[in-house]
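The residues making up each chain are set out below.
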Amino acid sequence: MTQQASNADLDKPEEIMWQGRFITTKRKGRWEFVARARGIRAAVIMAIVENDVLLVEQYRVPLGRNCIELPAGLIGDEDASEDPLIAAGRELEEETGYRASKLIDIGEYFSSPGMVSESYTLVKAEGLEQVGPGGGVEGENITVHRVPLDQLDTFIAQQRALGKAIDGKLLIFLGAHAISSALKSD
């Protein structure tokens with residue numbers, strides 16, 4: 001018997017408990033979880049200029065504070081058939097002011113699969129050229145940070161000390177270094 005087949009909630013019906021413009025809360029058996037409404041997805045962009053990574057900072061209402069993140073945005077919130085790479089290119093330029101000559105789909109990832117069914121498409125941006133100031137669209141108030149990759153751990157520690165939240169997706173860049181540091185402290 002497979003792990004999946006033994007799950008008591010597998011064959012239960014999925015119920016919508018509440019739905020807003022962007023999110024839906026659902027129940028399936030004993031599980032309650034959140035999903036994106038209307039098939040909306042997300043794109044997260046890894047953008048490296050020379051040896052610097054482009055990060056964005058913006059206030060996140062659920063956290064009650066600013067958060068340091070990779071540039072990202074919604075796919076399909078206006079057009080359900082929108083291509084993830086087109087959305088990623090648009091969001092990169094809106095948020096950071098940089099345009100990529102090439103966007104590469106790295107794959108689909110799930111951010112918190114025990115609570116949220118949302119996935120995101122990870123996109124690598126290459127051939128970056130600054131074409132504007134960034135900062136997002138009206139009302140987003142995004143701050144762009146261009147951080148040397150070899151100083152990223154220090155930058156994040158400084159931002160955390162200032163009370164800012166740090167998006168877990170930054171572990172893409174910190175992963176090996178964080179693991180190495182943790183092993184050395186034993």
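All figures in this text were calculated on a predicted structure; none of them were measured in a lab.

## Some thoughts on the nonpolar core
A general feature of soluble globular proteins is that nonpolar side chains tend to end up buried together. Within the largest apolar cluster, 15 residues are counted, with the highest numbers of intra-cluster contacts made by Leu55, Leu70, Leu152 and Phe155. Looking at this core, the elements with two or more residues in it are strand S4 (41-49), strand S5 (52-60), strand S9 (119-130) and helix H2 (152-161). Excluding its chain neighbours within four sequence positions, the residues that come into contact with phenylalanine 155 are Leu55, Ile68, His145 and Val147. Ile45, Ala88, Tyr98 and Val123 belong to the second largest nonpolar core, which has 13 residues in total.

## Some remarks on the pattern of salt bridges
Per the counting criterion, the structure on display carries 14 salt bridges. Its salt-bridge partner being glutamate 32, residue arginine 27 comes within 3.5 Å of it at the nearest N-O pair. Judged by relative accessible area, arginine 27 falls into the partly exposed class, the value being 28%. One salt bridge in this structure joins glutamate 118 and arginine 36, with 2.7 Å as the shortest N-O distance. Of this pair, glutamate 118 sits in the loop between strand S8 (98-110) and S9 while arginine 36 sits in strand S3 (residues 31-36), and the two are 82 residues apart along the sequence. Glutamate 118 sits in the buried class, given a relative accessible area of 18%. Since its relative accessible area comes to 27%, arginine 36 is described here as partly exposed.

What counts, and where the lines are drawn
- Residues numbered from 1 in each chain as written.
- Predicted model: local features only at pLDDT ≥ 70, side-chain atom pairs only at ≥ 80, totals over all residues.
- Heavy atoms only, no water.
- Core = buried A, V, L, I, M, F, W, Y, C linked by side-chain atoms within 4.5 Å.
- Buried < 20%, exposed > 50% of the residue type's maximum accessible area, 1.4 Å probe, protein only.
- Helix = DSSP H or I, 4+ residues; strand = E, 2+ residues; numbered from the N terminus.
- Contact = heavy atoms within 4.5 Å.
- Salt bridge = Lys/Arg side-chain N within 4 Å of Asp/Glu carboxyl O.

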